[in-house]
Amino acid sequence: MGPPGVGKGTQATNLKDHYDIIHLSTGDILRAELSAETELGIRAKKYMDAGELVPDALLLTMMEQRLQQDDCERGYLLDGFPRTILQAEGLTKILTELGHQLDAAVSLYANEDELINRLILRGKTSGRSDDTEDVIKQRQKVYWDATAPLLDYYQKLNLLQKVDGLGTIPEITERIIEVLR
Ligand code: AMP
């Protein structure tokens, strides 16, 4: 978990290589659905373009199906999911049904102004239609309103690990691996 721009995707890529597990980014999955113009992609588009969350029910159905696939059996890293308390509760149910177990919930944190600047820079090269200043600010707000309460949720389950998200990419990867040992 972590606010937009904190480096979740970059770190997830490094960690998936380190642990040799798959990386499931709900943002990436949704963007793929969008470009393939599937029904899910078409329904998700207006929320994504506005920097709003796609409805919980869509995410839970999508992830319930995804986590049943064979490539999840050796473990996986979830990136950008869950993002609301309802999604976290839904995920807990799905994991119980599948006999899976969460090892940790990693929260990357960093100064908000720094993040907005990073995202504006990323927007110049990413081609992501939601990396514009207004949408970035909206996505930050959504993070603090809807997703930050998950920190408490995972703290209570004793799964939360907070990691400083400022530093070089390898430094941060090393910090995460350290808290997961
Ligand atoms: P991301 O790549 O994680 O920044 O996600 C990009 C956009 O996809 C978000 O702004 C949301 O519109 C949507 N999205 C990704 N993951 C979720 C989620 N777990 N719940 C709701 N919407 C999501």
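Residues numbered from 1 in each chain as written. Predicted model: local features only at pLDDT ≥ 70, side-chain atom pairs only at ≥ 80, totals over all residues. Heavy atoms only, no water.

### A closer look at the packing of helix H5 (residues 85-98) against helix H8 (residues 149-156)
For the record, the criterion: Axis lines are fitted through C-alpha atoms, for helices just across the contact stretch, and the angle between N-to-C directions can take any value from 0 to 180 degrees. Under the scheme used here, helices are H or I runs from DSSP no shorter than 4 residues and strands are E runs no shorter than 2 residues, and both carry numbers assigned from the N terminus. The criterion used for residue contact is that any of the two residues' heavy atoms lie within 4.5 Å. Only Asp, Glu, Lys and Arg are considered charged, only Ala, Val, Leu, Ile, Met, Phe, Trp, Tyr, Cys and Pro nonpolar, and every remaining residue, Gly among them, polar.
Following both chains from N to C, one finds H5 and H8 inclined at 30 degrees, their axes separated by 9 Å at the closest point. Of the residues in H8, those touching H5 at Ile-85, Ala-88, Glu-89, Leu-91 and Thr-92 are Pro-149, Leu-150, Tyr-153 and Tyr-154. Here the residues of the contact of H5 with H8 sort into seven nonpolar, one polar and one charged.

### What about the environment of Gly-5?
The test is simple: Throughout, exposure labels follow a simple rule: accessible area from a 1.4 Å probe, protein chains only, divided by the maximum for the residue type, with under 20% read as buried, over 50% as exposed, and the rest as partly exposed.
Along the chain, Gly-5 falls in the segment before helix H1 (8-19). Judged by its relative accessible area of 15%, Gly-5 is buried. Residues Gly-5 and Ile-169 lie 164 residues apart in sequence; the distance between their C-alpha atoms is 13 Å. Sequence-distant contacts of Gly-5, defined by excluding residues within four places in its chain, comprise Leu-115, Arg-118 and Leu-119.

### Thoughts on the nonpolar core
To be explicit about the condition: Only buried Ala, Val, Leu, Ile, Met, Phe, Trp, Tyr and Cys residues count toward a nonpolar core, and they belong to the same one when joined by side-chain atoms within 4.5 Å.
Judged by nonpolar contacts, the single largest core of 28 residues is most densely connected at Leu-30, Leu-67, Leu-78 and Tyr-154. Elements supplying a minimum of two residues to this core: helix H2 (26-35), helix H3 (39-50), helix H4 (56-67), strand E2 (76-79), H5 and H8. The dominant element in this core, judged by the number of residues it contributes, is H4, at six residues. Those residues in contact with Leu-67 that lie beyond four places of it in its chain are Leu-24, Cys-72, Tyr-76, Leu-78, Leu-91, Ile-94, Leu-95, Leu-98 and His-100. Counting residues in hydrophobic clusters, the runner-up holds 13 residues, among them Leu-15, Val-106, Leu-115 and Ile-172.

### Observations regarding H3
At 3.6 residues per turn, the α-helix brings residues three or four places apart onto the same side. Where we set the bar: The arc in question is traced by the directions running from the helix axis to the C-beta atoms.
Inspection of H3 places Leu-40, Gly-41, Ala-44 and Met-48 among the buried residues, and these make up the whole buried set. For H3, the angular spread of the buried residues around the axis is 75 degrees, confining them to a single face. Seen from the open side of H3, the exposed residues pointing more than 90 degrees away from its buried face are Glu-39, Ile-42 and Lys-46. Looking at the buried positions of H3, the neighbouring elements they touch are H2 and H4. After H3 finishes, the residue Gly-51 shows a positive phi value of roughly 75 degrees.

### Brief notes about the environment of Thr-168
Inspection of the secondary structure puts Thr-168 in the loop between strand E4 (160-164) and helix H9 (169-180). When the C-alpha positions of Thr-168 and Arg-118 are compared, they lie 13 Å apart, and in sequence the two are 50 residues distant.

### Description of unusual backbone geometry
The omega angle of the peptide bond from Phe-81 to Pro-82 is 0 degrees, so this bond is cis rather than trans. Tracing the backbone through its elements, the reader meets Pro-82 in the loop between E2 and H5. With a phi close to 55 degrees, Asp-20 is a non-glycine residue in the positive phi region.

### Section: helix H6 (residues 112-126)
To be explicit about the condition: To estimate the expected span of a helix, count its residues, drop one, and scale the result by 1.5 Å. Whenever a nitrogen or oxygen atom comes within 3.5 Å of another N or O atom, the pair is scored as a polar contact, on the condition that within protein one atom can donate a hydrogen and the other can accept it, and that pairs from neighbouring residues in sequence are kept only if both atoms are in side chains.
Taking 1.5 Å of rise per residue, 15 residues should cover 21 Å, and H6 covers 20 Å from first to last C-alpha, within 8% of that figure. Where the residues of H6 are buried, they touch helix H7 (133-147). Where H6 starts, the residue carrying a side-chain oxygen 3.0 Å from the main-chain nitrogen of Asp-113 turns out to be Asn-111. Gly-127 sits one or two residues past H6 and shows a positive phi near 70 degrees.

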